[in-house]
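Architecture at a glance
Here is what each chain is made of, one letter per residue.
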Amino acid sequence: EREERTKNSARRMSALLYGGVAPPEHTVSVVPVSLDGAEFEWGVGAGVARAGSDASASASASAGQVDAAPSSQQLICEGPLKKIRGFARNRTRWFRLTAHHLSYYTGNAGRLISFIKRSEIAEVVPQSSTRFVLHTKSAFGYSKQQQMVLEAPSESVMVKWMVQLNKTEDSPTSQEGDGGRLYAEGFLVKKQPFGSRSRQRWFRLTSRAFSYYDVECGDYMAGCPLGQVEAVVDSSTYEFTFKAKRPFSKTGSDFLRCECASVAEKEKWLSSFHAALGPGIVKNNHFTPLSRDSRDASQHFSVLRQQRGEYKGSNSEGNRFISDESL
């Protein structure tokens, strides 16, 4: 019964996203997070997107806008922007601009709230050194308005968003800097050994390099070409490690330990690394099998860990058991 309900939920989400047709080839899996139909999670392309009741309402209210999930398209830029709605109503959301859509989420790798086609963006007007107004041709967002006031954390970040939002869908998608296709960007805590201070940095993963800056749109600090990457390892609940073939960091190290704000954010980074580097480089220490028909077998990656068995019993070579709690 659980399996049948899961399949029905997946079919409903597929119909919502793709208008009742088969999902495109880049879709990896459609897996409900909960069986009550209130929230779903699906893995598309290089990242993971989530949609809840708010996103479903927004998508159904703008029927005809859904031609592909926003996270499945080439990423142009992403980052936090504050929605200005009035006293005690301002909220910081995570915005993502792809080749054909602008979308925003509850947080980085959080739940999708709403998205709109780039062709539906009428104009972007600056309001102050850090604020700008987004005018759309159709309703956008949970409040179903045709304008949205957004505040960037700095003037340089506002300029980044305005430049990219004012481009047409046919404009080149690569940005200045390390260039190449962008897979993911966002804040990560660069962990340091005991006695040194860990700091939050802005990281960017492109088809050319994995680099980091002091802040978003800030000064470049260091970067490692993807051809020099030795391994990316899922090391703990919120952390992953990055190992290069040669020193690349500002301190002359070939090793980075990065901490994410959530498990979903870590999974997003690992999925992006897997898309950028291919199989064999990204190593996952957690065994999380998927059903045979839910994911392309060529996309699987894992490592084998050595485990220690515990013998139970005394004075008998025949009584060797592993207790249930040790399994």
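Residues numbered from 1 in each chain as written. Predicted model: local features only at pLDDT ≥ 70, side-chain atom pairs only at ≥ 80, totals over all residues. Heavy atoms only, no water.

Here's the deal with the overall build of the protein chain
The helix and strand inventory of the protein chain stands at four helices and 18 strands. Across the 327 residues that make up the protein chain, the buried fraction comes to 42%. When the accessible surface of the protein chain is summed, it comes to about 17500 Å², and 48% of that surface belongs to carbon and sulfur atoms. (Helix = DSSP H or I, 4+ residues; strand = E, 2+ residues; numbered from the N terminus. Buried < 20%, exposed > 50% of the residue type's maximum accessible area, 1.4 Å probe, protein only. Areas by Shrake-Rupley, 256 points an atom, 1.4 Å probe, with all protein chains shown as cover.)

Thoughts on the environment of Arg93
Take Arg93: it is sitting in strand 5 (residues 91-98). Separated by 13 residues in the primary sequence, Arg93 and Thr106 place their C-alpha atoms 5.4 Å from one another.

Let's talk about the environment of Gly227
Along the chain, Gly227 turns up in the loop between strand 14 (220-225) and strand 15 (229-234). Using a relative accessible area of 59% as the deciding quantity, one classes Gly227 as exposed. Between the alpha carbons of Gly227 and Lys245 there is a distance of 8.9 Å; along the sequence they are 18 residues apart.

Observations concerning the pairing of strand 10 (residues 145-151)
Examined bridge by bridge, strand 4 (residues 75-83) and strand 10 share two bridges and lie antiparallel to one another. The partner of Lys83 across the bridge, within strand 10, is Leu150. Looking at chain direction, strand 9 (residues 131-140) and strand 10 are connected through six bridges and run antiparallel. The partner of Phe132 across the bridge, within strand 10, is Leu150. Adjacent in sequence and paired antiparallel, strand 9 and strand 10 are bridged by four residues, among which Gly141 carries a positive phi angle near 100°. (Pairing = 2+ DSSP bridges.)

Focus: the side chain of Glu265
As for its placement among the helices and strands, Glu265 is situated in helix 4 (residues 263-277). Summary of buried charges: Glu265 has no salt-bridge partner, and the nearest side chain of opposite charge, Lys268, is 7.3 Å away. The residues touching Glu265, leaving out its near neighbours within four places in the chain, are Asn108, Ala109, Phe187, Leu188 and Cys260. (Lys, Arg positive; Asp, Glu negative; His and termini not counted. Salt bridge = Lys/Arg side-chain N within 4 Å of Asp/Glu carboxyl O. Contact = heavy atoms within 4.5 Å.)

What about unusual backbone geometry?
Negative phi characterises most residues that are not glycine, and trans characterises most peptide bonds. The backbone phi angle of Ala109 is positive, close to 65°, even though this residue is not glycine. One can find Ala109 in the loop between strand 6 (101-105) and strand 7 (111-117). Given a relative accessible area of 9%, Ala109 falls into the buried group. Located in the positive-phi region is Lys144, a residue other than glycine, with phi close to 60°. Here Lys144 is to be found in the loop between strand 9 and strand 10. Overall, the relative accessible area of 37% leaves Lys144 in the partly exposed class.

Focus: the packing of aromatic side chains
Here the structure, examined in full by the defined rule, presents 14 aromatic pairs. The rings of Phe203, Phe210, Tyr212, Phe240, Phe242, Phe248, Trp269 and Phe273 are connected pair by pair, giving a single aromatic cluster. (Phe/Tyr/Trp six-rings, centres within 6.5 Å; stacked < 30°, edge-to-face > 60°.)

Some remarks on helix 4
For helix 4, with 15 residues, the first-to-last C-alpha span of 21 Å sits near the 21 Å given by 1.5 Å per residue. Among the residues of helix 4, Ala264, Glu265, Lys266, Lys268, Trp269, Leu270, Ser272, Phe273, His274 and Leu277 are the ones counted as buried. One side-chain oxygen at the N-terminal end of helix 4 lies 3.1 Å from the backbone nitrogen of Glu265; it belongs to Ser262. (Expected span 1.5 Å × (residues − 1). Polar contact = N/O pair within 3.5 Å; in protein donor to acceptor, adjacent residues only side chain to side chain.)

Here's the deal with the pairing of strand 14
As judged from the five bridges shared by strand 13 (residues 209-213) and strand 14, these two strands associate in the antiparallel manner. Opposite Tyr212, over in strand 14, you have Ala222 as the bridge partner. In textbook terms, the turn of a hairpin is the stretch between consecutive antiparallel strands, and for strand 13 and strand 14 this stretch comprises six residues, one of which, Cys217, has a positive phi near 60°.

Remarks on the state of the cysteines
This structure, assessed with the given rule, holds zero disulfides. Looking at the unpaired Cys258, the closest cysteine sulfur is the one in Cys260, lying at 7.3 Å. (Disulfide = S-S within 2.5 Å.)

Quick notes on the environment of Ile116
Looking at where Ile116 falls in the secondary structure, it is placed in strand 7. Measuring from C-alpha to C-alpha, the distance between Ile116 and His100 comes to 8.6 Å, with 16 residues separating the pair along the chain.

Thoughts on the nonpolar core
Note that soluble globular proteins tend to have their nonpolar side chains buried in a common cluster. Val232, Phe240, Phe242, Trp269 and Phe273 are the most contacted members of the largest nonpolar core, which has 25 residues in total. Of all elements in the fold, only strand 11 (182-190), strand 12 (199-206), strand 13, strand 14, strand 15, strand 16 (239-244), strand 17 (255-259) and helix 4 reach the threshold of two or more residues within this core. For this core, the element with the highest residue contribution is helix 4, accounting for four residues. Excluding residues that lie within four positions of it along the chain, Val232 makes contacts with Phe240, Thr241, Phe242, Leu270, Phe273, Leu277, Ile281, Val282 and Lys283. Cys77, Leu134, Phe140 and Met158 belong to the second-largest nonpolar core, a separate cluster that totals 22 residues. (Core = buried A, V, L, I, M, F, W, Y, C linked by side-chain atoms within 4.5 Å.)

Points about the confidence of the model for the protein chain
When pLDDT is averaged along the protein chain, the result is 77, and 62% of the positions lie at 70 or above. Within the protein chain, strand 12 carries the highest mean pLDDT (97), whereas strand 1 (residues 27-32) carries the lowest (35). A low-confidence stretch, residues 16-68 (pLDDT under 50), is modelled with 111 contacts involving residues beyond four sequence positions or located in other chains. Predicted confidence for residues 174-178 stays below pLDDT 50, and this span has twelve contacts to residues more than four positions away or in other chains. (pLDDT = per-residue confidence, 0-100.)

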